[in-house]
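Spelled out, the chains give:
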2 protein chains.
Amino acid sequence: MLRSELPGVDPSGQISAAELQLAARNHGLPLEALAYDVTPAGLHYLLIHYDIPVVDPATWRLQVGGRVGGELELSLDELRARPAVTRAVTMECAGNGRARLSPRPISQPWLLEAVGNAEWTGVPLGALLEEARVAEGAIEVVFRGLDRGVEGGVAQQYERSLPLGEAMREEVLLAYAMNGGPLPPQHGFPLRLVVPGWYGMTSVKWLAQIAVVDEPFDGYQQARGYRLRQAPEEEGEPVTRIHPRSLMVPPGVPEFATRMRVLAAGPVTVRGRAWSGLGEVARVEVSADGGERWSDARLGPSGSRWAWRAWEWEWDAEPGEHELCCRATDAAGNAQPLEAPWNLGGYANNEVQRVPVDVEASQLDV
Amino acid sequence: MLRSELPGVDPSGQISAAELQLAARNHGLPLEALAYDVTPAGLHYLLIHYDIPVVDPATWRLQVGGRVGGELELSLDELRARPAVTRAVTMECAGNGRARLSPRPISQPWLLEAVGNAEWTGVPLGALLEEARVAEGAIEVVFRGLDRGVEGGVAQQYERSLPLGEAMREEVLLAYAMNGGPLPPQHGFPLRLVVPGWYGMTSVKWLAQIAVVDEPFDGYQQARGYRLRQAPEEEGEPVTRIHPRSLMVPPGVPEFATRMRVLAAGPVTVRGRAWSGLGEVARVEVSADGGERWSDARLGPSGSRWAWRAWEWEWDAEPGEHELCCRATDAAGNAQPLEAPWNLGGYANNEVQRVPVDVEASQLDV
C-alpha cells in the first residue's frame, strides 16, 4: 500500500502531474466573480481531501456524544425543524497562495482564488452542545466527516477539532443550506460545520459525528496537517484564523493563455473585496506601480462581520505596462505582507495580489 | 500589447505557471461525481476562454439577423414565454485529455474530467430560425457570446458557427435553465446554445447574437482554434462531434496527494458512464490488467440519445496492484483507442482511462 508522506517541496517553477490532478478537482473562484457579493453556487472555491461522499439523507444521522450529559442523535428533518439562522460568511482555504511560495510546497497548488462568500443557513452549534450538556473538564469538540482516504500514510476519516470556547461562539453554524438552496454534495450535503473567521479546513463537511473531549485531539488533520512548520520534525503552530487579504477583479479583458490583462487608457474603477478573521477590515490600499506608492481605496458599507467587504479605487490608466497591487489591514493591525514568510505546508500565504496590466492608448476593438 | 501565439507544446511532464492559472479557473467533474446521472450544479465541467460576463437580464436581448427574411429581437421573458423543452445532454470539452498527450499542447491542461451531464431547458433553435425565415443561399449560423478577450493575438468576442443543417436539428436548444434552476453565470446566463453530440466549444455561452450567413465563417475559434493539426501552417480538420468515451468512478478510497486508489480485496462493482456524439453507445469493456484482457460491462437502460449511459462491471479484486481500464464502442463502430493520435491543439483525446489501484488483503481501517 502506498504510504507516502507528503512529497515535500518542489524548487522548480513547474507543477507536477500529481498536483495537476488536484488542481483539476479542486476549483477556485474565478477572480472576476469577486463582482458578486454572494458567490453563486459553483463559483465558490472547493478543497476536497478525498472523494465527495454520496449520502442518503433518509438514513443519515448526526451524533453528538463524548463528554456530555446526554447524547443526541438527530435526523436532517429534526435539524431543519429547529430555529434557523442565515449568515454570510467568507471562507478561504488555508492553502490559498501556496503555489506562489518558493520553493513550492507540494499539495493543492492554489494561486489566489481559494475563497468564496456564501449565505449559510442552519442551526447554531452552541444550542446543540447546551442541549447535550457539556461535562466538566471538556476542552475541545471533535467533528468527523464521512469523507475517507489516505493521507500522509494514515487511513482516516476527515476529522478536526475546535477549542470548546470557539465551538460555543454564537456565529458557529451547522449548515444544511447554501445561498438559499440545499447544500450541494461538494459543499458537504447534508450537513457541514461553518466556523466564521477560521480557515476552511475547520468547517468540516459531510458531518456525521460531534464528540466533546477532555484531552487535546491529536488526529492527523490537527497534529500533522495544518501546522506552520519550517521542517517536518517541528511540532509547529496550528493554523487557525484567516489572515487579512484583499483581492481585486482584474480590470480589462484577459489574454486566454497567459491571463495577462489588456485595457484602454483612461479612467477605470478598480473593484475588489477584503476580509480578515482577526479583526474587521479597517483599510485597503492600492498601488499601480508594483507596490512603490500606495493610496487608500474607498471601503463599501460594512455588513456582516464575517463576510468580505467591498472596496473600490479610481485609477487614471496611462498607456504602458503597470502592476496593480492591493493590501488590506484589519482593526487588529494585521496587514498583508509584500512577501509572506515561508512554511513547509504552504499555509496562510496572504501576500499582496499583483496584477500585471497592459494599457493601450487606443480603444480595444473588442 | 501582448500578442502571443499559443505557446505550442511542452515536452516536459511538468505544468507551467500559465497552465496552472487556467487549471485553477476551469474545473472538471471530480470522477466520483460520475455516480450522479444528472451532474449537480457546480460539479459540471467548465471551460471559460475569457472572463465570465456579468449580464443584466433586464436589458439583455437576443438578436437574430443576417440572411433572414425578418430579424428578431427577443428579451429573456419573451423566450421564457415560448414552449419549452428540457433535454439531458452530456457535454464534453474538446480539450479533454489534452494533458495526457506527449508532448503536451499548452492550453487548459485537462486530464479526463472535462465532462458533465445536465438537464437543459429552453427553446428549440430551429423554431426561431424558421420564424426569422432563413434566406436562400444561407449555409451557416454564427453564434456570438458576450465574453471578450485576446487569443492567439486576436482581440475578439467568442464566436462559433454551425452548418445550417446542424443548427436546424430538433435537439439543438437555446437554454435558459440548467437542472431546473436559472442558468448559473458560469454556464452562460442568461442564455446559451446547447448542441447535443458536439464538443462543448460549439455550445456558445452568454449568447447575444445569432447571424445567418452565406459564406463559411472564418472567425478565430472556427478557422484557427478547434482544428486537428500536426503543424501550425496546416488548415486542419475542424473539431465537431464528441468521440466515444467511457469513464469509471475510481473504486476504493484515494490517497490525498497522488489520488492513488486503495481498496480491500473481494467483490467490487465498478461503475461508470459512456457516451459518443457519433452514435449510440453499443458496448463498454473493462480490463483489470492494463488492457491485456477485456470483458464486457453491463449497460444500463438507454435513456436520452444525447445523455451518457450507465454501465457496471463485477470485479473480484485480488490483493496486489492492478490497472483498471474501460473502453466504449458506439453503434457507428468507433471505439476508444489505447493510444490516441497526437495533434497540436490537444483536441479529442479519447484514450482509454487508466486507474491504478492498490488492493489490500485486509479490510482498510477507515
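Predicted model only: the values in this text are computed from it and were never measured.

Caption draft 1: Structural detail: unusual backbone geometry. A cis amide bond links S102 of chain B to the next residue, P103 of chain B, at an omega of -5°. Position of P103 of chain B among the secondary structure elements: in the loop between strand 4 (85-92) and strand 5 (104-105). Residue P190 of chain B is bonded to the preceding F189 of chain B through a cis peptide linkage, with omega at 10°. With respect to the element layout, P190 of chain B can be found in the loop between strand 10 (181-182) and strand 11 (192-194). In this model, W206 of chain A sits at a positive phi of 50°, which is unusual for a non-glycine residue. Classification of W206 of chain A by relative accessible area gives buried; the value is 0%. A positive phi angle is found at Y226 of chain A, which is not glycine, with a value near 55°. Here Y226 of chain A lies in the loop between helix 5 (220-223) and strand 13 (227-228). You can call Y226 of chain A buried: its relative accessible area is 7%.

Caption draft 2: Spatial organisation of the nonpolar core. With 76 residues, the main nonpolar core has L62, W120, L125, L128, F143, L174 and I210 of chain B as its most contacted residues. In contact with L125 of chain B, not counting residues within four places along its chain, are F143, A167, V172, L173, L174, L193 and I210 of chain B. One finds V55, L62, V64 and V89 of chain A within the second-largest nonpolar core, a separate group that totals 75 residues.

Caption draft 3: How the structure looks around helix 3 (residues 125-132) of chain A. Residue and element names in this part refer to chain A. Where helix 3 is concerned, the buried positions are L125, G126, L128, L129 and A132. Relative to the axis of helix 3, the buried residues are bounded by an arc of 160° and lie together on one face. Residue R133 follows helix 3 closely and has a positive phi angle near 60°.

Caption draft 4: Focus on the sheet that holds strand 15 (residues 245-248) of chain A. All names here are of chain A. As summarised here, the arrangement of the four strands in space is 15-18-22-21, forming an open sheet in which the pairing is antiparallel. Edge positions in the sheet fall to strand 15 and strand 21 (298-299), since each of these pairs with one other strand and no more. As paired elements, strand 18 (residues 266-275) and strand 22 (residues 309-317) share nine bridges and run antiparallel to each other. Across the sheet, G272 pairs through a bridge with W311, a residue of strand 22.

Caption draft 5: Looking closely at the interface of chain A and chain B. With 68 residues of chain A at the contact, the number on the chain B side is 67 residues. Both sides of the chain A and chain B interface together cover about 6000 Å² of buried area, and 62% of this is carbon and sulfur. The tally of links from chain A across to chain B stands at six salt bridges. We note a salt bridge from R25 of chain B to E32 of chain A, for which the minimum N-O separation is 2.9 Å. For the interface between chain A and chain B, the tally reads 21 residue pairs in polar contact (both at pLDDT 80 or more). Residue assignment for the side of chain A that touches chain B shows that the elements contributing at least two residues are helix 1 (17-25), strand 7 (140-151), strand 8 (154-163), strand 16 (253-254), strand 17 (261-264) and strand 24 (353-360) of chain A. Top element by residues in the side of chain A that touches chain B is helix 1 of chain A. It accounts for eight residues. Split by residue class, the side of chain A that touches chain B holds 37 nonpolar, 18 polar and 13 charged.

Caption draft 6: Region of the structure containing helix 1 of chain A. Turning to helix 1 of chain A, its buried residues number three or more, namely E19, L20, L22, A23, A24 and R25 of chain A. Where helix 1 of chain A is buried, its residues touch strand 5 (104-105) of chain A together with helix 1 (17-25) of chain B.

Caption draft 7: Quick peek at the packing of aromatic side chains. Residue and element names in this part refer to chain A. The tally for this structure, following the rule as stated, stands at six aromatic pairs over all chains. Between Y45 and W110 the ring centres are 6.1 Å apart and the planes differ by 85°, which places this aromatic pair in the edge-to-face class. Placement of Y45 in the loop between helix 1 and strand 2 (62-66) and of W110 in the loop between strand 5 and strand 6 (115-124) is noted, with a sequence separation of 65 residues between them. Here Y45 matches W110 in class, with each residue buried. A ring pair is formed by W275 and W308, whose centres lie 5.9 Å apart and whose planes are at 50°; its orientation type is tilted.

Caption draft 8: Summary view of the pairing of strand 7 (residues 140-151) of chain B. Residue and element names in this part refer to chain B. Among the twelve residues in strand 7, nine count as buried, and that is most of the element. Summarising the sheet, strand 7 and strand 12 (residues 207-213) pair through six bridges and their orientation is antiparallel. Paired with G145 across the two strands is L207, which belongs to strand 12. The pairing of strand 7 with strand 8 (residues 154-163) spans nine bridges and is antiparallel. What sits directly across from E140, in strand 8, is P163.

Caption draft 9: Summary view of the environment of L174 of chain B. Residue and element names in this part refer to chain B. Looking at where L174 falls in the secondary structure, it is placed in strand 9 (residues 173-178). The exposure class assigned to L174 is buried, which follows from its relative accessible area of 0%. For the pair L174 and T269, spaced 95 residues apart in the sequence, the C-alpha separation amounts to 38 Å.

Caption draft 10: Just the pattern of salt bridges, in detail. One pass over the structure, following the stated rule, counts 40 salt bridges over all chains. Salt-bridge contacts for R298 of chain B lead to E314 of chain B; the nearest nitrogen and oxygen are separated by 3.3 Å. In this pair, R298 of chain B sits in strand 21 (residues 298-299) while E314 of chain B sits in strand 22 (residues 309-317), placing the two residues 16 residues apart along the sequence. The exposure class assigned to R298 of chain B is partly exposed, which follows from its relative accessible area of 46%. Here the salt bridges do not stand alone but share partners, grouping E166, R169, E171 and R241 of chain A into one network.

Caption draft 11: Examining the side chain of H44 of chain B more closely. Residue and element names in this part refer to chain B. Position of H44 among the secondary structure elements: in the loop between helix 1 and strand 2 (62-66). Assessed through its relative accessible area of 1%, H44 is described here as buried. The contacts of H44, once residues within four sequence positions are left out, are H27, T39, M91, V115, G116, N117, A118, W120, M178 and H187.

Parameters at a glance
- Residues numbered from 1 in each chain as written.
- Chains lettered and ligands numbered in written order.
- Predicted model: local features only at pLDDT ≥ 70, side-chain atom pairs only at ≥ 80, totals over all residues.
- Heavy atoms only, no water.
- Helix = DSSP H or I, 4+ residues; strand = E, 2+ residues; numbered from the N terminus.
- Buried < 20%, exposed > 50% of the residue type's maximum accessible area, 1.4 Å probe, protein only.
- Core = buried A, V, L, I, M, F, W, Y, C linked by side-chain atoms within 4.5 Å.
- Contact = heavy atoms within 4.5 Å.
- Arc of directions from axis to C-beta.
- Pairing = 2+ DSSP bridges.
- Buried area = accessible area lost by both parts, 1.4 Å probe.
- Salt bridge = Lys/Arg side-chain N within 4 Å of Asp/Glu carboxyl O.
- Polar contact = N/O pair within 3.5 Å; in protein donor to acceptor, adjacent residues only side chain to side chain.
- Nonpolar A, V, L, I, M, F, W, Y, C, P; charged D, E, K, R; others polar.
- Phe/Tyr/Trp six-rings, centres within 6.5 Å; stacked < 30°, edge-to-face > 60°.

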